[in-house]
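One-letter residues, chain by chain:
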Amino acid sequence: MKNYISQFNSDIITSSFGLLADGREVFKHKISNANGYELSVSSYGAAITNLLIPVSDSEKIDVVLGFDSAADYENSFSLPNAPYLGAAVGLYAGRIDQASFELDGKIVQLDQNHGPHQLHGGFKNLSNQIWNFDSEKSNKQQLVFNIGTKLNSANYNAEVSVTVSYVLTDDNAVKVRFTATTDQPTAINLTQHSYFNLDGDGRSVLTQKLKVFSESYLETKPDGIPTGKIVPTINTALNFTEVQNCPRSIDNTFTLAQPLAAVLYSPSTKIKLTVFTNQPAVHIYVGGNCFNTLAGKNFANYGETSGICFETQNYPDAPNQKHFPKSIIQAHETYFNESIFQFETNKTE
């Protein structure tokens, strides 16, 4: 794979990431920090493809799931359940009941890409499009991407401009910042969909330790749509206020009362991840299943316990639940979502 040095900043390494089915070329951009961490992001889906963490003088561990080519990312959207590996997600992350909501007295009917509902923005969503790489705003510390949606894209009722920046700090944090503006009121909920595995690609997360700084979660129907009730986690299988092993199966939204959302720790590699956000919830999901159809990076076989997502965001179906946090942004109002994924090495639990 040929590498190119950015014409704007020699600290950014740009390489071809291959072609999509329609012949368009996708590029991947890499930055590093003073401690040898490496962050790579693809222009397809503005997806984090690699996050390498040094654990010794001779070894780095890639702690996110991903594919080796843009074509595999594109093909992953044909799987029974698209994994959205590492992608920027929207226009509305999570589920919207019946793929519709009422706005100013009118029904906005969206794509129904998840049974009768909408999930993660519909068929043509932010995760399966090529974003623009902003080389002028990117530098040795951050990679910046932007995209604009047209009116009625996935049947959304507005034109929306979205920017995401990935900042890699010298204290070993990845800061993800979303901003968005719209030409008329609409629902927006953006998130970052990386699957983390602190033991490295292709392993199971079940021995890794999880703590969630939440005492309540959203009750859901069998199809994953919130009932509207916020339920205490105490005496339930979703009580992670004390450290537990990662669950084999979880797909739940936890409410947050403070920026500290969750901690993940690997006893094997002694890597610790702490998640902070300005959002009212974190949706936690264990998965990455590729149904033995697509191989992950380095031919890894991704299954149902290959990674864990911390989707920092607003509540699913908030446009239909008036007591949920505000999900409609007004014309020319700026949406802002910031989440921090702080890494530490050689840590104890």
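Residues numbered from 1 in each chain as written. Predicted model: local features only at pLDDT ≥ 70, side-chain atom pairs only at ≥ 80, totals over all residues. Heavy atoms only, no water.

Visitor: Is there a simple way to think about the packing of aromatic side chains in this case?
Guide: The geometry of an aromatic ring pair is captured by the separation of the ring centres together with the interplanar angle, meaning the angle of the planes. According to the stated counting rule, one finds 11 aromatic pairs in the structure shown. When the centroid spacing of 5.2 Å and the interplanar angle of 85° are considered together, the rings of Phe77 and Tyr84 count as edge-to-face. Pairing Phe196 with Phe310 gives two aromatic rings, centres 6.3 Å apart and planes at 40°, and the pair type is tilted. Residue Phe196 is located in strand E18 (residues 195-196), and its partner Phe310 is located in strand E27 (residues 307-313); the two are separated by 114 residues in the primary sequence. Here Phe196 matches Phe310 in class, with each residue buried. (Phe/Tyr/Trp six-rings, centres within 6.5 Å; stacked < 30°, edge-to-face > 60°. Helix = DSSP H or I, 4+ residues; strand = E, 2+ residues; numbered from the N terminus. Buried < 20%, exposed > 50% of the residue type's maximum accessible area, 1.4 Å probe, protein only.)

Visitor: Just checking my understanding: could you explain the layout of surface pockets for this structure?
Guide: In this approach a probe as big as a water molecule rolls over the atoms, and the regions it shows empty are the leftover space. Taken as a whole, the largest pocket holds about 720 Å³ of empty space. If you trace the largest pocket, you find 34 residues lining it, with Asn81, Ala82, His114, Leu119 and Tyr285 closest to the centre. Listing elements by their share of the lining of the largest pocket, those giving two or more residues are strand E23 (251-255), strand E26 (281-287) and E27. Of the residues forming the lining of the largest pocket, the biggest block, 3 residues, is contributed by E26. Tallied by class, the residues present in the lining of the largest pocket amount to 14 nonpolar, 15 polar and 5 charged. Computed from the structure, the second largest pocket encloses a volume of approximately 220 Å³. What lines the second largest pocket is a set of 15 residues, among which Lys124, Gln129, Gly148, Thr149 and Ser153 lie closest to the centre. (1 Å grid on protein atoms, 1.4 Å probe; cavity = no way out; pocket = protein on both sides within 12 Å on 5 of 7 lines; lining within 4 Å. Points joined across faces, edges and corners; volume = space filled by probe spheres on them. Nonpolar A, V, L, I, M, F, W, Y, C, P; charged D, E, K, R; others polar.)

Visitor: Could you clarify how one ought to interpret unusual backbone geometry in this entry?
Guide: For residues that are not glycine, phi is negative in most cases, and the peptide bond is trans in most cases. Across the junction of Gly90 and Leu91, the peptide omega takes the value 15°, indicating a cis bond. Along the polypeptide, Leu91 turns up in the loop between strand E7 (87-89) and strand E8 (95-96). One non-glycine residue with positive phi stands out, namely Asn155, at about 70°. Within the fold, Asn155 resides in the loop between strand E13 (142-149) and strand E14 (160-168).

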